[in-house]
Amino acid sequence: MTTDVDTPASTLAAGGGEPLGAGRSERLSALAQQHGALVTLIVAMAAASIGFDTFLTADNLENMALSSAFLAVVALGMTFVIVTGGIDLSVGSLFALGGVLAAWGSRYGTVVALLLPSAVCALIGLVNGVLIAWSRLAPFIVTLASMLGARGLLLAVTDEGSKTYLVDKDSVFAALGQGTLLGVGVPVWITLALFVLGAVVLRRTRFGQFVYAVGGNEDAAALMGAPVARTKISVYTLSGLCAGLAGALNAAWLVSGVTILGSGMELEAISAVVIGGTLLTGGFGYLSGSLVGVLLLKVIQNVINQIGSLDSAYQQVVSGAFLAVVVIAQTWLGRRRRVL
């Protein structure tokens, strides 16, 4: 192999002309972006276990896992949306609507209790996707309108919130929310299964490649033959489906369709996804990172609750500050990788 005499051999990477220092820095930046949340989660859990004797108890860990499961399912769908460069503000209202529809449908059996909210919320997500992909409307405006519309539909179903539908505690549907398997709540197992399936779809299928391509450069993706409109419609439909399913599982856990839930959940889901390393600009992200982001938010919430002297509002302050730091770090890392 020969090299140009004007190019110092020390600056050539093996097998190519990339500077070794630049390549190493780029890899470190990528690792920090991908695994930074996991390192932070481990440090936070270690610090919490030292500061609070009850943090690592089985009951506390089980409660954190259960409370994380429902947000994680919502964040799963949100990850697909954000990787395409979009945003979905309707998931909080769809989560609440899904819970109410599941509780109402539970009187007709478990299948209805699961399919009804999933179908209705997926249909709303489909409408979002069509308006965004075909009408080229801004995702922020479309999903904001859906957020308000879904909340209005929720109020109509529950007579302005005055009616609460209950789930039979002895039903199979209730067992999906309150049952355990190997000492772990069934919703946690369902969530893990969904994340494994979602990771396979995102990383190992043609559809997943389209999702990354659309988020990376929509025009280039279209030139390569990627079905841009269909991909956008699919991810918003998936986001609605996940929100409805999460609401149904939550209703099974609470054995009721609580109308006041879901407020602010869209912001929590977005925060978890971004904290997990997914770029808000699209084109980069991992489902495993989103799951870590959810767990990190729940650890922060749990620590604040254990302190006792702090108001729960501090959770929002800490989460917001943490999100701002992550976005700034992402921007800096992205610029550094482009320079290198």
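1. Describing the overall build of the chain
Inference 1: A tally of regular secondary structure across the chain gives 13 helices and two strands.
Inference 2: The buried share of the chain, reckoned over its 340 residues, is 46%.
Inference 3: Restricting the contact set of the chain to residue pairs at least 6 apart, pairs at least 24 apart contribute 75%.
Inference 4: Total accessible area on the chain is roughly 16500 Å²; 66% of this is exposed by carbon and sulfur atoms.

2. Looking at the pattern of salt bridges
Inference 1: By the definition in use, this model includes three salt bridges.
Inference 2: One salt bridge connects Lys-163 with Asp-159, and the closest N-O pair in it is separated by 3.3 Å.
Inference 3: With a closest N to O distance of 2.9 Å, Lys-232 and Glu-218 form a salt bridge. Taken together, the positions of Lys-232 in helix H10 (residues 228-254) and Glu-218 in helix H9 (residues 218-223) put the pair 14 residues apart, joining distant regions of the chain.
Inference 4: Relative accessible area serves as the criterion here: at 27%, Glu-218 is assigned to the partly exposed category.

3. Overview of empty space enclosed by the protein
Inference 1: In this structure the tally under the stated criterion is one cavity of 30 Å³ or more.
Inference 2: Each pocket or cavity is described by its volume, and for the largest cavity that value is around 40 Å³.
Inference 3: Secondary-structure elements contributing two or more residues to the lining of the largest cavity are helix H3 (91-105) and H10.
Inference 4: Of the residues in the lining of the largest cavity, the class split is five nonpolar, five polar and no charged.

4. Details of the packing of aromatic side chains
Inference 1: Inspection of every chain in the model, using the stated rule, returns four aromatic pairs.
Inference 2: Consider the rings of Phe-284 and Tyr-286, whose centres lie 5.4 Å apart with planes at 90°: the pair is edge-to-face. For the pair Phe-284 and Tyr-286, one class covers both residues: buried.

5. With respect to the confidence of the model for the chain
Should pLDDT be low for a region, the predicted coordinates there are not to be read in detail.
Inference 1: Confidence in the prediction for the chain averages 84 pLDDT; 82% of positions are at 70 or higher.
Inference 2: Residue range residues 1-22 is modelled with pLDDT below 50. Its contacts to residues more than four positions away, or to other chains, number 15 contacts.

6. A short note on the nonpolar core
Inference 1: Of all hydrophobic cores here, the largest spans 69 residues; its most connected members are Val-74, Met-78, Phe-80 and Ile-270.
Inference 2: Considering each element in turn, this core owes the most residues, 13 residues, to helix H2 (residues 58-83).
Inference 3: Setting aside anything within four residues of it in sequence, one finds Met-78 in contact with Asp-88, Val-91, Ser-239, Glu-266, Ala-269, Ile-270 and Val-273.
Inference 4: Core analysis: the second largest hydrophobic core is formed by six residues, Phe-210, Ala-213, Val-214 and Val-228 among them.

7. Regarding the packing of H3 against H10
Inference 1: For the pair H3 and H10, interaxial distance at closest approach is 7 Å and the crossing angle is 50°. It follows that H3 is oblique to H10 by the angle criterion. For the pair H3 and H10, the crossing hand works out as right-handed. Across from Val-91, Leu-94, Phe-95, Gly-98, Gly-99, Ala-102 and Ala-103 in H3, the residues of H10 making contact are Ser-239, Gly-240, Ala-243, Gly-244, Ala-246, Gly-247, Ala-248, Asn-250 and Ala-251.
Inference 2: Looking at the contact of H3 with H10 residue by residue, the class counts come to nine nonpolar, seven polar and no charged.

8. Things to note about the side chain of Ser-290
Inference 1: Here Ser-290 is to be found in helix H12 (residues 287-307).
Inference 2: Residue class for Ser-290 comes out buried when judged on its relative accessible area of 0%.
Inference 3: With sequence-adjacent residues up to four places away left out, Ser-290 is seen in contact with Thr-79, Ala-272, Val-273, Gly-276 and Thr-278.

9. A closer look at unusual backbone geometry
Inference 1: For Arg-136, which is not a glycine, the phi torsion comes out positive at approximately 55°.
Inference 2: Within the fold, Arg-136 resides in the loop between helix H4 (110-133) and helix H5 (139-157).
Inference 3: Arg-136 gets classed as exposed once you look at its relative accessible area, which sits at 67%.
Inference 4: Positive phi outside glycine occurs at Val-255, with the angle close to 50°.
Inference 5: Checked against the element boundaries, Val-255 lands in the loop between H10 and helix H11 (265-275).

10. Concerning the packing of helix H7 (residues 186-204) against helix H8 (residues 206-216)
Inference 1: Taken N-terminus to C-terminus, the directions of H7 and H8 make an angle of 70°; their axes are 5 Å apart at the nearest point. With respect to their mutual orientation, H7 and H8 come out roughly perpendicular. Facing H7, whose interface residues are Val-201, Leu-202, Arg-203 and Arg-204, H8 presents Arg-206, Phe-207, Gly-208, Gln-209, Val-211 and Tyr-212.
Inference 2: For the contact of H7 with H8, the class distribution of residues is five nonpolar, two polar and three charged.

11. Comments concerning the environment of Val-111
Inference 1: For Val-111, the position within the fold is in helix H4.
Inference 2: Classification of Val-111 as exposed rests on a relative accessible area of 57%.
Inference 3: Measuring from C-alpha to C-alpha, the distance between Val-111 and Phe-173 comes to 8.4 Å, with 62 residues separating the pair along the chain.

12. Topic: the side chain of Thr-191
Inference 1: Note on placement: Thr-191 falls in helix H7.
Inference 2: One polar contact links the side chain of Thr-191 to the main-chain carbonyl oxygen of Pro-187, over a distance of 2.8 Å.
Inference 3: Contact partners of Thr-191, with chain neighbours within four places excluded, come to Ala-69, Ala-72 and Val-73.

Basis of the calculations
Residues numbered from 1 in each chain as written. Predicted model: local features only at pLDDT ≥ 70, side-chain atom pairs only at ≥ 80, totals over all residues. Heavy atoms only, no water. Helix = DSSP H or I, 4+ residues; strand = E, 2+ residues; numbered from the N terminus. Buried < 20%, exposed > 50% of the residue type's maximum accessible area, 1.4 Å probe, protein only. Contact = heavy atoms within 4.5 Å. Areas by Shrake-Rupley, 256 points an atom, 1.4 Å probe, with all protein chains shown as cover. Salt bridge = Lys/Arg side-chain N within 4 Å of Asp/Glu carboxyl O. 1 Å grid on protein atoms, 1.4 Å probe; cavity = no way out; pocket = protein on both sides within 12 Å on 5 of 7 lines; lining within 4 Å. Points joined across faces, edges and corners; volume = space filled by probe spheres on them. Nonpolar A, V, L, I, M, F, W, Y, C, P; charged D, E, K, R; others polar. Phe/Tyr/Trp six-rings, centres within 6.5 Å; stacked < 30°, edge-to-face > 60°. pLDDT = per-residue confidence, 0-100. Core = buried A, V, L, I, M, F, W, Y, C linked by side-chain atoms within 4.5 Å. Axes fitted to C-alpha atoms, helices over the stretch in contact; angles between N-to-C directions. Parallel < 35°, antiparallel > 145°, perpendicular 65-115°, else oblique. Left-handed = near helix turned anticlockwise from the far one by under 90°. Polar contact = N/O pair within 3.5 Å; in protein donor to acceptor, adjacent residues only side chain to side chain.

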